[in-house]
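Fold and contact review
Spelled out from the first residue to the last, the chains are:
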Amino acid sequence: MEGIVYGADPRAGFFDEANVFHHPDLGFKMRFPKGWKTQNLPQAVAGVSAEQDAALQLEMAKEKDADSAASAFFSNQGIQHGNLDDSSVNGLQAVTASFSAATQQGTLRGRTAFIELGNHVYQLIGFASQESYLSNEKALAGAIASFQRETDPKVLAVKPARLQLVTPPRDLSIEEFAKTYSGPASAQELAIINQIESGGTYPAGKPAKRVV
């Protein structure tokens, strides 16, 4: 149990209070629109508008450069694109374009970017229905344009919470244990992971788990 990560590992990416997604290990950040529901999945980072009429997805492309990734995406049947723009995004080599796609549910409109950072190409796709695209266009374009290198030393150095085994020298109540072995987990959380029922105590001399 010693050293096991407790909760989500921020090294694999996390959202802050401003809905900015940070990925310390890969060294980038990106701001999702305010009020959107977001999710950090194993293969992608996704966001959906509060009205559920627009979506945004960030994932790694298989190709080795932005031009190849853009060509592969736009070769898909039913996708048409506007002029390809190879201007950099925050100093990073990129290819961006607007597009439309025919689906069984109707026509989608969107904007996409393929951005090179490190040894990876990131594919950013924002889209909405034909009817709702104009009302979401600014938010989608702004989110895509926010992709950049992560430079905050605190973010780059962030570490996950981990379990640590301790042995109380005396019987401790739930509240006393949390105060004695303070950390990011609440007294109730600590009681749950140690299987201490409400009103119970941590017995002296018996190993228990804390979070550091």
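Heads up: these notes are all about the structure in this document. (Residues numbered from 1 in each chain as written. Predicted model: local features only at pLDDT ≥ 70, side-chain atom pairs only at ≥ 80, totals over all residues. Heavy atoms only, no water.)

1. Some words on the layout of surface pockets
- Taken as a whole, the largest pocket holds about 280 Å³ of empty space.
- Lining the largest pocket are 15 residues, with Leu41, Pro42, Gln43, Ala44 and Met60 positioned closest to its centre.
- Secondary-structure elements contributing two or more residues to the lining of the largest pocket are strand E2 (20-23) and strand E6 (54-60).
- The greatest single-element share of the lining of the largest pocket, amounting to 3 residues, is contributed by E6.
- The residue inventory of the lining of the largest pocket, partitioned by class, reads 11 nonpolar, 3 polar and 1 charged. (1 Å grid on protein atoms, 1.4 Å probe; cavity = no way out; pocket = protein on both sides within 12 Å on 5 of 7 lines; lining within 4 Å. Points joined across faces, edges and corners; volume = space filled by probe spheres on them. Helix = DSSP H or I, 4+ residues; strand = E, 2+ residues; numbered from the N terminus. Nonpolar A, V, L, I, M, F, W, Y, C, P; charged D, E, K, R; others polar.)

2. Some remarks on the nonpolar core
- Counting residues in each nonpolar core, the largest one holds 23 residues, and the members touching the most others are Met30, Leu56, Leu58, Ile115, Leu124 and Phe147.
- Of all the secondary structure elements, the ones that give two or more residues to this core are strand E3 (28-31), E6, strand E9 (106-117), strand E10 (120-129) and helix H2 (133-145).
- When residues in this core are grouped by element, the largest group, 4 residues, is from H2.
- Within the second largest apolar cluster, 15 residues are counted, among which are Val166, Ala185, Ile196 and Tyr202. (Core = buried A, V, L, I, M, F, W, Y, C linked by side-chain atoms within 4.5 Å. Buried < 20%, exposed > 50% of the residue type's maximum accessible area, 1.4 Å probe, protein only.)

3. Details of H2
- With 13 residues, H2 should cover 18 Å at 1.5 Å per step; its first-to-last C-alpha distance of 17 Å lies within 8% of that length.
- Residues Tyr133, Asn136, Leu140, Ala143 and Ile144 constitute the buried set of H2.
- Buried residues along H2 sit in contact with E3, E6, E9 and E10. (Expected span 1.5 Å × (residues − 1). Contact = heavy atoms within 4.5 Å.)

4. A look at the pattern of salt bridges
- Counted according to the given criterion, the structure contains 1 salt bridge.
- Across the salt bridge formed by aspartate 25 and arginine 11, the nearest N and O atoms sit 2.8 Å from each other. Of the two residues, aspartate 25 sits in the loop between E2 and E3 while arginine 11 sits in the segment before strand E1 (14-15), which places them 14 residues apart along the sequence.
- The class for aspartate 25 is exposed, based on a relative accessible area of 51%. (Salt bridge = Lys/Arg side-chain N within 4 Å of Asp/Glu carboxyl O.)

5. Examining the side chain of glutamate 150
- Looking at the element boundaries, glutamate 150 is found in the loop between strand E11 (148-149) and helix H3 (153-156).
- For the buried residue glutamate 150, which engages in no salt bridge, the nearest side chain bearing the opposite charge is lysine 29, 4.4 Å off.
- Here the side chain of glutamate 150 touches aspartate 152 through a polar contact of 3.1 Å, landing on its backbone nitrogen.
- What glutamate 150 contacts, discounting residues up to four positions off in sequence, is His22, Gly27, Phe28, Lys29, Val155 and Leu156. (Lys, Arg positive; Asp, Glu negative; His and termini not counted. Polar contact = N/O pair within 3.5 Å; in protein donor to acceptor, adjacent residues only side chain to side chain.)

Shape descriptors only; they carry no functional weight alone.
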